[in-house]
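Commentary on secondary and tertiary structure
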Amino acid sequence: MSRMKDLQKNLFGGTTSNARQFGMIFTLVAIVLLFQIWTGGLTLTSGNLIAVVSQYSYILILAVGMLMVIVAGHIDLSVGSVAAFTGIVVAKAMQEHSLPWPVGILLGLLVGALIGVWQGFWVAYAGVPAFIVTLAGMMLFRGGNQYIGNADTVPVPTGFRKIGAGFLPEVGPDTGYNNLTLLLGLMACAGMVWREWKARQTRREMNADVAPMWITLLRLAVMLGVIVFATLRFAGGRIGTSLPISGIILIVLVLAYSYYTRNTIGGRHIYAVGGNARAAELSGVKLKRVNFMVMMNMSVLAALAGMIFVARSAASGPQDGLSWELDAIAAVFIGGAAVSGGLGTISGSIVGGLVMALLNNGLQLQGVGSDMVQIIKGLVLLLAVAFDVYSKRQGRFSIIGTLMRPFRQEQPAVGAEPPTPASDPDKAQVPG
């Protein structure tokens, strides 16, 4: 019995584990197994997994930026149009002005940054709600895409296509696998072991509770098993394919933004603003700067996602970016972010995005039409959140509530007397 309590406390929602991430991973595994059986084993083939990453990496990149926007208490409806606008600008520049493709990528990032400055100004300094600003941006940049491209398809050079349709090259001896992918998998396993060891050391130094060793080993076994399985699948694809370059870009962004949001002052300020903007401002957080930054960052990532999509498609077209914002928002909320802001993680959003991607992929493998795919995805999102809200109201087990537990502030006991200004030094210093 005590072992089961230890398991529940430390693996599924206790303060000594990253329960949020592990819970979402287990949910993802259940969906994968369901479609693996339903599709007769097609879901987990090397070719299909490589295709999923290649096809949906741009949505996952959008989810990274959207997580920060939603945590800060905003929403961005313009990301699809920004991606399409950037794609046509870069494609036109490379086609008509013979711009080298590396310079084209820099141009695209610059366009995204300028759009972010424009939208960030209206949100942060003019005080216009982000919903309205980005709704206007959705129409503005969609029209800009069609105006600049004249509603035509504009091809991009071969070198540029590598960021969306390229794979890690074959190097070294013939092992039957892509050696660079194997090396990345080995590095990921080593990094996971080091992270767990470092976390235990840190908690010991802080005299905090440390999870039993068997819990740590179990957690490591699960994570290492997933990494090894994925590595062998991506490394064992047909000759010429392996882990997509767009997947490498996604991994770098996830690691960088996860570190930023969890381990830097700027990242914690985003959560503070989303949790309680007024209190954060009184505590010294630069509210306008945070709002400006998250909006600009979102546009830069939208520009990058747009270029990756254009590179994979080999051309920019007038239909690029349609409904991308909806997929990105769904990924963030399925990943556990709070609608009101203040809660959410990068890794949770990525897992939420993978849930949507594999759901979409599995239904397509079964020959389900695109109309029914959209209907099913919408119902899954609505029912998942509705069931969790209902469970919390009934005092029952709540998936999202359990995953959120490590990130909640402790609430005062029922019937406890709230602290008075005289007894609470922090509140005593806040002016009337």
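Residues numbered from 1 in each chain as written. Predicted model: local features only at pLDDT ≥ 70, side-chain atom pairs only at ≥ 80, totals over all residues. Heavy atoms only, no water.

**Here's the deal with the overall build of the protein chain**
Scanning the protein chain from terminus to terminus reveals 18 helices and two strands. Looking at the protein chain residue by residue over its 432 residues, the buried ones come to 47%. Considering only residue pairs separated by 6 or more positions, the protein chain has 77% of its internal contacts joining residues 24 or more positions apart. Within the structure as shown, the protein chain displays about 22000 Å² of accessible surface, and the carbon and sulfur contribution to it stands at 66%. (Helix = DSSP H or I, 4+ residues; strand = E, 2+ residues; numbered from the N terminus. Buried < 20%, exposed > 50% of the residue type's maximum accessible area, 1.4 Å probe, protein only. Contact = heavy atoms within 4.5 Å. Areas by Shrake-Rupley, 256 points an atom, 1.4 Å probe, with all protein chains shown as cover.)

**Some remarks on the packing of helix α4 (residues 79-96) against helix α6 (residues 130-149)**
Interhelical geometry of α4 versus α6 gives an angle of 25 degrees and a closest axis separation of 8 Å. With respect to α6, the axis of α4 lies roughly parallel. Considering the relative orientation of α4 and α6, their crossing is left-handed. When α4 is examined against α6, the residues Gly 80, Ser 81, Val 82, Ala 84, Phe 85, Ile 88, Val 89 and Lys 92 are found in contact with a partner set consisting of Gly 137, Met 138, Phe 141, Arg 142, Gly 144, Asn 145, Ile 148 and Gly 149. (Axes fitted to C-alpha atoms, helices over the stretch in contact; angles between N-to-C directions. Parallel < 35°, antiparallel > 145°, perpendicular 65-115°, else oblique. Left-handed = near helix turned anticlockwise from the far one by under 90°.)

**Notes on the pattern of salt bridges**
Counting across every chain of the model gives four salt bridges. The closest approach of N and O atoms between Lys 377 and Asp 327, which form a salt bridge, is 3.5 Å. Placement of the pair is Lys 377 in helix α16 (residues 370-393) and Asp 327 in helix α14 (residues 324-334), with a sequence separation of 50 residues. Overall, Lys 377 belongs to the buried group, its relative accessible area being 8%. For Asp 327, a relative accessible area of 25% corresponds to the partly exposed category. (Salt bridge = Lys/Arg side-chain N within 4 Å of Asp/Glu carboxyl O.)

**Details of the side chain of Thr 39**
Considering the arrangement of structural elements, one finds Thr 39 in the loop between α2 (19-38) and α3 (46-71). Residue classification places Thr 39 among the buried residues on the basis of a relative accessible area of 7%. A distance of 3.5 Å separates the side chain of Thr 39 from the backbone nitrogen of Leu 42, its partner in a polar contact. If sequence neighbours within four positions are ignored, Thr 39 has contacts with Gly 362, Leu 365 and Gln 366. (Polar contact = N/O pair within 3.5 Å; in protein donor to acceptor, adjacent residues only side chain to side chain.)

**So, helix α7 (residues 158-165)**
Those residues of α7 lying buried are Gly 159, Phe 160, Ile 163 and Gly 164. Each buried residue of α7 lies within a common arc of 160 degrees when the element is viewed along its axis, so the set occupies one face. Away from the buried face of α7 by more than 90 degrees, exposed residues Thr 158 and Lys 162 are located. Turning to α7, the residues buried within the fold contact α3, α4, α5 (101-125), α10 (245-263) and α13 (287-313). (Arc of directions from axis to C-beta.)

**Some words on helix α15 (residues 346-365)**
The terminal C-alpha atoms of α15, which comprises 20 residues, lie 28 Å apart, in line with the 28 Å expected from a rise of 1.5 Å per residue. For α15, a buried count of 17 out of 20 residues is recorded, marking the element as mostly surrounded by other parts of the structure. One side-chain oxygen at the N-terminal end of α15 lies 3.0 Å from the backbone nitrogen of Gly 348; it belongs to Thr 345. Immediately downstream of α15, the backbone of Gly 367 shows phi near 80 degrees, a positive value. (Expected span 1.5 Å × (residues − 1).)

**Overview of the packing of α3 against α15**
The description of two packed helices rests on the angle between their axes and on the distance between the axes. In contact at an axis separation of 9 Å, α3 and α15 are set at 140 degrees when each is read in the N-to-C sense. Considering their axes alone, α3 and α15 lie oblique with respect to each other. Remark: the crossing between α3 and α15 carries right-handed chirality. Taking contact as the criterion, the partners of Asn 48, Val 52, Tyr 56, Leu 60, Ala 63, Val 64 and Leu 67 in α3 are, on α15, Ile 346, Ser 349, Ile 350, Gly 353, Leu 354, Ala 357, Leu 358, Asn 360, Asn 361, Gln 364 and Leu 365. Split into classes, the residues belonging to the contact of α3 with α15 amount to twelve nonpolar, six polar and no charged. (Nonpolar A, V, L, I, M, F, W, Y, C, P; charged D, E, K, R; others polar.)

**Re the nonpolar core**
Counting residues in each nonpolar core, the largest one holds 68 residues, and the members touching the most others are Ile 61, Leu 62, Met 66, Ile 70 and Phe 160. With 14 residues, the top contributor of residues to this core is α13. Non-local contacts of Phe 160, meaning those with residues more than four positions away in its chain, are made with Val 90, Met 94, Trp 101, Ile 105, Met 307, Val 310 and Ala 311. Formed by 23 residues, the second largest nonpolar core is a distinct cluster that contains Ile 31, Val 53, Tyr 56 and Val 355. (Core = buried A, V, L, I, M, F, W, Y, C linked by side-chain atoms within 4.5 Å.)

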